[in-house]
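A structural walkthrough
Spelled out, the chains give:
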Amino acid sequence: MTALRLRPLIAGNWKMNGSRAQNEALIADLKGRLASKPDLAADLLVCPPAAYLMQAARLVGGSAIALGAQDCHTKQSGAHTGDVSAAMLADCGCRYVILGHSERRADHAEKSEQVAAKAKAAHEAGLIAIVCVGETEAERDRGATLDVISSQLEGSVPADAAAGNLVIAYEPVWAIGTGRTPTPDDVAAVHAHIRSLLKAWFKDGAEMRILYGGSVKASNAATLMHVAEVNGALVGGASLKGEEFWGIALAAAGA
Ligand code: PEP
């Protein structure tokens, strides 16, 4: 069966990077590029650190650039020092939240069950959850990639998900920030697997966007973005450079 052509989403995960001055310059750069090509056939999203969400909300205001966060709590309020709720993110102007990124799974020992609870909280707050899954190099080497992806997806995607509130990001852990990427055939095999699971679980599973992430840059974007069932990119390092991020968006849009 041929894949549906879904409007690509190009999401920038700024991680723990930026300053007020850098954020202002980067968003101004992206707004300028978008103003020169308002018919870009892709959605743009920036996900700055939580401390800068209010600033970024003001900066992207009036443009087609959407705002997202990098994590949220499972609860909407309460005694959880240092945490931020999905309701607060929505209140700050976010439309998306990245959940279950491998850096959070590693640094904060986040388990899939917790990611699903966060995604449910995001949905309750009206946010679109970008749920990340991906195998480590050791898992890949022992041929366990598809099993790992199945179990992460099964554990991390809540039952209330729908195409309007869920995006999956396939990010092989060994490809994040390393400059290494899987072959297009490897990406195609994993994305086809994810698509088949989404279609089996959800009536609109064919319409849920599946992003590829891991060392995407302008120079490899055309190859990666044209793989079947790749509906955009989750971009780390290259999202901090306007020209690179824009180059990826153009490639995904087929412009
Ligand atoms: C990421 O952290 O989500 C990511 C894809 O990083 P990079 O593009 O730097 O590999």
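Residues numbered from 1 in each chain as written. Predicted model: local features only at pLDDT ≥ 70, side-chain atom pairs only at ≥ 80, totals over all residues. Heavy atoms only, no water.

**Regarding the nonpolar core**
With 64 residues, the main nonpolar core has Ile10, Leu44, Ile168 and Ile194 as its most contacted residues. A total of seven residues in this core trace back to one element, the largest contributor, which is helix α10 (residues 242–253). If sequence neighbours within four positions are ignored, Ile194 has contacts with Val133, Ile149, Leu153, Ile168, Tyr170 and Ile210. Judged by nonpolar contacts, the second largest core, of 14 residues, contains Leu9, Cys47, Ile130 and Ala169. (Core = buried A, V, L, I, M, F, W, Y, C linked by side-chain atoms within 4.5 Å. Buried < 20%, exposed > 50% of the residue type's maximum accessible area, 1.4 Å probe, protein only. Helix = DSSP H or I, 4+ residues; strand = E, 2+ residues; numbered from the N terminus. Contact = heavy atoms within 4.5 Å.)

**As for the layout of surface pockets**
Taken as a whole, the largest pocket encloses approximately 530 Å³ of empty space. Ala50, Gln70, Asp71, Arg104 and His108 are, among the 21 residues lining the largest pocket, the residues nearest its centre. It is helix α4 (residues 102–107) that contributes the most residues to the lining of the largest pocket, three residues altogether. Per-class residue counts for the lining of the largest pocket are ten nonpolar, five polar and six charged. Each pocket or cavity is described by its volume, and for the second largest pocket that value is around 220 Å³. In terms of lining, the second largest pocket is formed by 18 residues, of which the most central are Gly177, Ser215, Gly236, Gly237 and Ala238. Class assignment of the residues belonging to the lining of the second largest pocket gives a composition of five nonpolar, nine polar and four charged. (1 Å grid on protein atoms, 1.4 Å probe; cavity = no way out; pocket = protein on both sides within 12 Å on 5 of 7 lines; lining within 4 Å. Points joined across faces, edges and corners; volume = space filled by probe spheres on them. Nonpolar A, V, L, I, M, F, W, Y, C, P; charged D, E, K, R; others polar.)

**Brief notes about the site of the ligand**
Near the ligand you find 14 residues, and of these Lys15, His101, Glu171, Gly177 and Ser215 are the closest. In the environment of the ligand, an oxygen atom lies 2.5 Å from a nitrogen or oxygen atom belonging to the side chain of Lys15. A distance of 2.8 Å is found between an oxygen atom of the ligand and a side-chain nitrogen or oxygen belonging to His101. Here the ligand, which alone exposes 300 Å², has 95% of that area covered by the protein. Here the ligand is seated within the second largest pocket. (Near = heavy atom within 4 Å. Polar contact = N/O pair within 3.5 Å; in protein donor to acceptor, adjacent residues only side chain to side chain. Areas by Shrake-Rupley, 256 points an atom, 1.4 Å probe, with all protein chains shown as cover. Sits in = over half its atoms within 2 Å of the grid points.)

**Details of the packing of aromatic side chains**
Tallied over the entire structure, the rule returns one aromatic pair. Just above the ring of Trp174 sits the side chain of Arg140; from NZ or CZ to the centre is 4.2 Å. (Phe/Tyr/Trp six-rings, centres within 6.5 Å; stacked < 30°, edge-to-face > 60°. Lys NZ or Arg CZ within 6 Å of the ring centre and 35° of its normal.)

**Let's talk about the pattern of salt bridges**
The tally for this structure, following the rule as stated, stands at twelve salt bridges. Here Arg33 makes a salt bridge to Asp29, at a shortest N to O gap of 2.7 Å. Taken as a pair, Arg33 and Asp29 lie in helix α1 (residues 20–35) at a separation of four residues, close to a single helical turn. We note a salt bridge from Glu110 to Arg104, for which the minimum N-O separation is 2.8 Å. What emerges from the salt-bridge pattern is a single network uniting Asp71, Arg104, Glu110 and Lys118. (Salt bridge = Lys/Arg side-chain N within 4 Å of Asp/Glu carboxyl O.)

**Some remarks on the side chain of Lys118**
Looking at the element boundaries, Lys118 is found in helix α5 (residues 112–124). Apart from the residues lying within four places of it in its own chain, the contact partners of Lys118 are Asp71, Cys72, His73, Thr74, Leu99, Arg104 and Glu110.

**Some remarks on the packing of α1 against α10**
Where α1 meets α10, the closest approach of the two axes is 9 Å, and the angle between their N-to-C directions is 40°. Looking at the two axes, α1 sits oblique to α10. Once α1 is placed against α10, the crossing between them reads as right-handed. The segment α1 lies against α10, with Leu26, Asp29, Leu30, Arg33 and Leu34 engaging Gly242, Glu243, Phe245 and Trp246. Class assignment for the residues of the contact of α1 with α10 results in five nonpolar, one polar and three charged. (Axes fitted to C-alpha atoms, helices over the stretch in contact; angles between N-to-C directions. Parallel < 35°, antiparallel > 145°, perpendicular 65-115°, else oblique. Left-handed = near helix turned anticlockwise from the far one by under 90°.)

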